[in-house]
Amino acid sequence: MPDAPHDATFPYQHIYERDGFTCRFCGWNGAETFSHWWVASFSVVQIKPSSHGGNHDADNLVLSCHACAQHKGDADCDSLDEARDLVAANRAHAQTWFSKHVKRDG
Ligand SMILES: [Zn+2]
């Protein structure tokens, strides 16, 4: 991938690049196609949010798809593993609901 000029809409481009344009929670690969990128609606989220004393250092930031960012929310996590467990639990709950109300074999 050629070096792109830094764009004001991607202030955390270094995090996007470090994380391989892939959601650190669910593994969604936004680099696969533009559609994958678009649907992901990526953002950089804090593992420990500012509201709980977190900072904006690289080791407190991860790339996240929109869905995982919504489920991580403002939860106070001390590690990426803790945040992943939280998102995974929310995803499992949503999948149960989906299977019951939307598509039984989903
Ligand atoms: Zn995700």
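What you see is a predicted model, and the numbers here were worked out from it, not measured in a lab.

Notes on the overall build of the protein chain
Within the protein chain one finds 4 helices and 2 strands. Helices (α) and strands (β) of the protein chain occur, in sequence order from the N terminus, as α-α-β-β-α-α. Dimensions of the protein chain along its principal axes, counting C-alpha atoms only, are 45 × 35 × 20 Å. Considering the protein chain as a whole, with its 106 residues, one finds that 23% of them fall into the buried category. A fraction of 48% describes how many contacts in the protein chain between residues 6 or more apart in sequence connect residues 24 or more apart.

Overview of the confidence of the model for the protein chain
When the pLDDT values of the protein chain are averaged, the result is 92; 91% of them are 70 or greater. Within the protein chain, strand S2 (residues 61-64) carries the highest mean pLDDT (98), whereas helix H1 (residues 13-18) carries the lowest (95).

Topic: the environment of His 66
With respect to the helices and strands, the residue His 66 is situated in helix H3 (residues 66-72). Separated by 24 residues in the primary sequence, His 66 and Phe 42 place their C-alpha atoms 5.7 Å from one another. Ignoring anything within four residues of it in the chain, the contact list for His 66 reads Ala 40 and Ser 41.

Reading guide: rules and limits
- Residues numbered from 1 in each chain as written.
- Predicted model: local features only at pLDDT ≥ 70, side-chain atom pairs only at ≥ 80, totals over all residues.
- Helix = DSSP H or I, 4+ residues; strand = E, 2+ residues; numbered from the N terminus.
- Buried ≥ 20, exposed ≤ 12 C-beta atoms within 10 Å, placed from the backbone.
- Contact = placed C-beta atoms within 7 Å.
- pLDDT = per-residue confidence, 0-100.

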